[in-house]
Structures are given as C-alpha cells and as structure tokens.
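Structure at a glance
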Amino acid sequence: MKLTLNLKNYQSYILTGLIIFGPIKSIFNGLILNVDLTLIILGIAFFDFLINIRKLSVKKHSFFFLLLLFGIWLLMLFSIPYSSSSIISYDKFFKFTIPIFCFIYPLVVERIEISVFYKSILYIVTPLSIMFILYKLWYWSPSNIRGGLTDVFYSFAGAYLSLGFLLSLGIIVAVNINKKLIAVFWITLMLALGARGPLFFTMIILLFLYKKRIIRFLLTQGRKIILTGFVLMTVVSLNFNFFKEKFFKFGLSRFLSFFNFDTDKSSQARIDMISYSIQEIFTNFKTFFIGNGVGSFGVDFLGKEVLEYPHIIFLEVWYELGILGFILIVTFLIAPLLFKRNIIYISFLLLILFDSIKSLNLLNMWITVIIYSIIISNIKLFYKNEVVL
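Residues numbered from 1 in each chain as written. Predicted model: local features only at pLDDT ≥ 70, side-chain atom pairs only at ≥ 80, totals over all residues. Heavy atoms only, no water.

**Description of the overall build of the chain**
When its secondary structure is counted, the chain shows 19 helices and three strands. Sorting the 389 residues of the chain into buried and exposed places 50% on the buried side. Of the roughly 19,500 Å² of accessible surface on the chain, a fraction of 69% belongs to carbon and sulfur atoms. (Helix = DSSP H or I, 4+ residues; strand = E, 2+ residues; numbered from the N terminus. Buried < 20%, exposed > 50% of the residue type's maximum accessible area, 1.4 Å probe, protein only. Areas by Shrake-Rupley, 256 points an atom, 1.4 Å probe, with all protein chains shown as cover.)

**Notes on the side chain of arginine 270**
On the secondary structure map, arginine 270 appears in helix 14 (residues 265–283). Although arginine 270 is buried, it forms no salt bridge, and the closest oppositely charged side chain is aspartate 355 at an N-O distance of 7.4 Å. Of the polar contacts made by the side chain of arginine 270, one reaches the backbone oxygen of lysine 358; its length is 2.8 Å. In this view, arginine 270 contacts Leu161, His311, Lys358 and Ser359; residues no more than four positions away in its chain are not counted. (Lys, Arg positive; Asp, Glu negative; His and termini not counted. Salt bridge = Lys/Arg side-chain N within 4 Å of Asp/Glu carboxyl O. Polar contact = N/O pair within 3.5 Å; in protein donor to acceptor, adjacent residues only side chain to side chain. Contact = heavy atoms within 4.5 Å.)

**Looking at the nonpolar core**
Ranked by size, the top nonpolar core spans 112 residues in total, and within it Tyr105, Phe332 and Met365 carry the most contacts. Ranked by residue count, the leading element in this core is helix 8 (residues 159–176), at 13 residues. Beyond its immediate chain neighbours, meaning those up to four positions away, tyrosine 105 contacts Gln11, Ile14, Leu15, Leu18, Ala45, Asp48 and Phe49. (Core = buried A, V, L, I, M, F, W, Y, C linked by side-chain atoms within 4.5 Å.)

**Considering helix 17 (residues 313–334)**
With 22 residues, helix 17 should cover 32 Å at 1.5 Å per step; its first-to-last C-alpha distance of 13 Å lies more than 12% under that length. The sharpest bend along helix 17 comes to roughly 145°, located at leucine 321. (Expected span 1.5 Å × (residues − 1). Bend = angle between axes of the 7 residues up to and from the residue.)

**Focus on the sheet that holds strand 2 (residues 380–383)**
The three strands are arranged 1-2-3 in an open sheet whose pairing can be described as mixed. This sheet does not close on itself; its edge strands, each paired only once, are strand 1 (111–113) and strand 3 (386–387). (Pairing = 2+ DSSP bridges.)

**Examining the packing of helix 5 (residues 97–104) against helix 19 (residues 366–377)**
In the contact formed by helix 5 and helix 19, the axes pass within 8 Å of each other and the chain directions differ by 25°. One way to sum up the angle between helix 5 and helix 19 is to call them roughly parallel. Crossing hand, helix 5 versus helix 19: right-handed. For the pair helix 5 and helix 19, contact is made by Ile98, Pro99, Cys102 and Phe103 and by Trp366, Val369, Ile370, Tyr372, Ser373 and Ile376, respectively. Grouping the constituent residues of the contact of helix 5 with helix 19 by class yields nine nonpolar, one polar and no charged. (Axes fitted to C-alpha atoms, helices over the stretch in contact; angles between N-to-C directions. Parallel < 35°, antiparallel > 145°, perpendicular 65-115°, else oblique. Left-handed = near helix turned anticlockwise from the far one by under 90°. Nonpolar A, V, L, I, M, F, W, Y, C, P; charged D, E, K, R; others polar.)

**Some words on the packing of aromatic side chains**
Given two aromatic rings, one states the distance between the centres and the angle between the planes to describe the pair. Going through the model one piece at a time under the given rule, you end up with 28 aromatic pairs. Centre to centre, the rings of phenylalanine 132 and tyrosine 160 are 6.5 Å apart; their planes meet at 40°, and the pair counts as tilted. In this pair, phenylalanine 132 sits in helix 6 (residues 114–139) while tyrosine 160 sits in helix 8, placing the two residues 28 residues apart along the sequence. Here the aromatic cluster, defined as three or more aromatic residues joined through ring pairs, consists of Phe64, Phe65, Phe103, Phe332, Phe339 and Tyr372. We note arginine 111 situated over the ring of phenylalanine 382; from NZ or CZ to the ring centre the distance is 3.7 Å. (Phe/Tyr/Trp six-rings, centres within 6.5 Å; stacked < 30°, edge-to-face > 60°. Lys NZ or Arg CZ within 6 Å of the ring centre and 35° of its normal.)

**Looking at a nonpolar patch on the surface**
Residues Ile53, Leu56, Val58, Phe63 and Leu67 make up a contiguous nonpolar surface patch of about 420 Å² in total accessible area. Its relative accessible area of 43% is what places isoleucine 53 among the partly exposed residues. (Patch = residues over 30% accessible without salt bridge, like charges linked within 9 Å, V, L, I, M, F, W, Y side chains within 5 Å.)

**Some remarks on the environment of glycine 71**
With respect to the helices and strands, glycine 71 occurs in helix 3 (residues 60–79). Remark: the alpha-carbon pair of glycine 71 and leucine 328, spanning 257 residues in sequence, is separated by 7.3 Å.

**Quick look at the side chain of threonine 16**
Inspection of the secondary structure puts threonine 16 in helix 1 (residues 10–31). Among the residues examined, threonine 16 registers a relative accessible area of 7% and is labelled buried. The residues contacting threonine 16, other than those within four sequence positions of it, are Val116, Phe117 and Ser120.

**Overview of the environment of proline 198**
Positionally, proline 198 belongs in helix 10 (residues 196–209). You can call proline 198 buried: its relative accessible area is 5%. Counting along the chain gives 161 residues from proline 198 to serine 359, while the straight-line C-alpha distance between them is 9.8 Å. If sequence neighbours within four positions are ignored, proline 198 has contacts with Leu161, Gly164, Phe165, Ser168 and Met190.

Any link to function would need more than the numbers given here.
In structure tokens, the structure reads:
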C-alpha cells in the first residue's frame, strides 16, 4: 500500500489532521518532536477556510446545530460573572470557539477520501500506539524503576485513551473497506493499551451493527485465526511470567478491574465526581436552573483553580450552565441519530455517544463536532473513487 498525497483532495488530509493531531499531541511531543500539532493544523484549516469561504454551504440542519453550539457558548459568557472560577472560566469560554470553528470548517469540504483517514491511523496512530506500549513496559520494568527515570512518560501517560479512541474509529473504517485483519490487529493493540472504554464500546457496535460481516469473516478466515491463536498461545506459554507481569498487569488487568470498583481507583474517582455533580444539581436550586458558571466544577469539587469535569458531558454542562445548557447539549449529541446515514456514520455517532458518558467534555469535543458536522451535512465518503455505503 503506497502512501501518496493527492493534492486535489487535500481537505481530506486537513480533516484527518484535525481529528488525530489533538489526541496524539502529548505522546508525539514526548517521544518525537515538541511542536504544537493542534495549533499548526488549526492554522492550516483556518487558512483553507478563508480561501474556500465562497463554497460555504450552511443547510438548515447544519444551521440548527450550529445555533446549538452558539447557544452553549453564550451561556458560558453569561455565566462568567457568577462562576466560582476566576481563571478557568475565561479560558474555557475562549477555547470553546475552537469546537465552533471545527463544526464550521467541514461545511466548505465537498468530499472526503476515507482512505486518507485509514492510512493515517495505520501509519501514524498505530506506530505511536506500539511505541506507547513498549515504552510503558520498559518504563515500569523493575530494573529501570530502581535506577530512576525522567518523568517524560507521565507527560503522555494518559494518551492510551486518546489512542484507543482513534483506533476505534479506525476499526469501524477498516471493517467497512474490507481490512478486517487490520481491524483485528487494532483490537489487540487496544487491549494492550488498556483502553477499556473505547474497546468495550467498539465491540458493542461491532456485535450489533456488523454481525453478518463478523460471521462471514470468521468463516472465510477461520484457518488463519486458529493458526494465529495457536502461535500466540505458544509464545505466551513460553514466556508466561513476562506476559503475566507486563501485558496482563498493564493491559488486560485494567479490563478486569472495571468490574471491581473497590480495586479500580480510576473508576472510583469518576464515581465520586458523578455523585457530587448529581447531588449538587438536584439539591441546589441555583445549580439546577442556571448552573454554577463555566469552569466552576474543578474549583468547587477540588477546592482549587484547575480544569476538571465529571467525565459525563451532560452532567458537566448541567452543573456549570444549568438546565438550558443540558437541553442544548443533549439535543446536539442525540438528535443526529434521527438522520438516515451510512453505516460508518451511524457507527461513529454511537461511538461518540458512548464516549460522552465516559471521557467527553466541552473542550475536547472539537473532534466530536468535526465528525458531527460531516455527518449532519452528509458529506460523501469515497474509497478508491467509489462511494462508501
């Protein structure tokens, strides 16, 4: 497979960059080169938008959802005076202009070559995921811990979730363009990363929407799957202690701990945030109707000026912006399910909705709004000059 640049379809590269550069930024900066990838791609997108602004086509559906985003932005502005945050409130308000722009930019795009996104996941996200896994295993080895290491790993230690989310999108694309063995490989990578949320949601989507394709794949590739499984079992049995201490400890064990909150500090911390949010929303008249102000959650929950959120975007918006903000964000995220779209778009919508109750927040939803803008506008997806159904 050749990685070639088609200048006639350069906007597919810009859209792909907008989707993947944010999630890979921390690990790219930590291991390769310290540059602001997101600022670069946003600058390129903005420049391209100005060049192609004459192509801007805002149809009624896109206009409606754009109004929803502007409504949330205005609620942020009006809530600043009574927010308990004096710094994060302004920062969050101004940075929300990025998701608004990211919703508008796809409206000047005429078509998308889905192979560009697929190849980016294959040639950029996949190597970075492997580097993350290997670096994690090396970093936490007993010999290195005794010797002491720099804290560079901790600058991107949380990247496994972002990498997992991108791999989830890649898996959906791979299944639809008949790259199922690559999809299986990416599922294995997600398991090793410990990206349990993205993997769990991806498996649900695959089981419900792609049952026939999975069965057909198992029937046609059964021998390869059995042979691969036999080889893996042999390798694991020969190096059992290594896999137990490394891959199990930092990969599979995260999935098992999901079912035992007593030993899962990450899940317990999120439950504490969710419980606090719900309690405040339904026992405080002010919080219920107008919220505590943009950027207030971190200050109220932790008692210091930090950006924090309850890991469920619906609760975040309701806590900070009140019932009206909650209605706006629910409408924005759920209403697109009413549209008739291709199976890739439906899968993306479901994946994002699942993610919205785990990791999504107002500032990192710029990837969400890009995908939503593409789906709402129903921009055609092409693979080898054929429309992807």
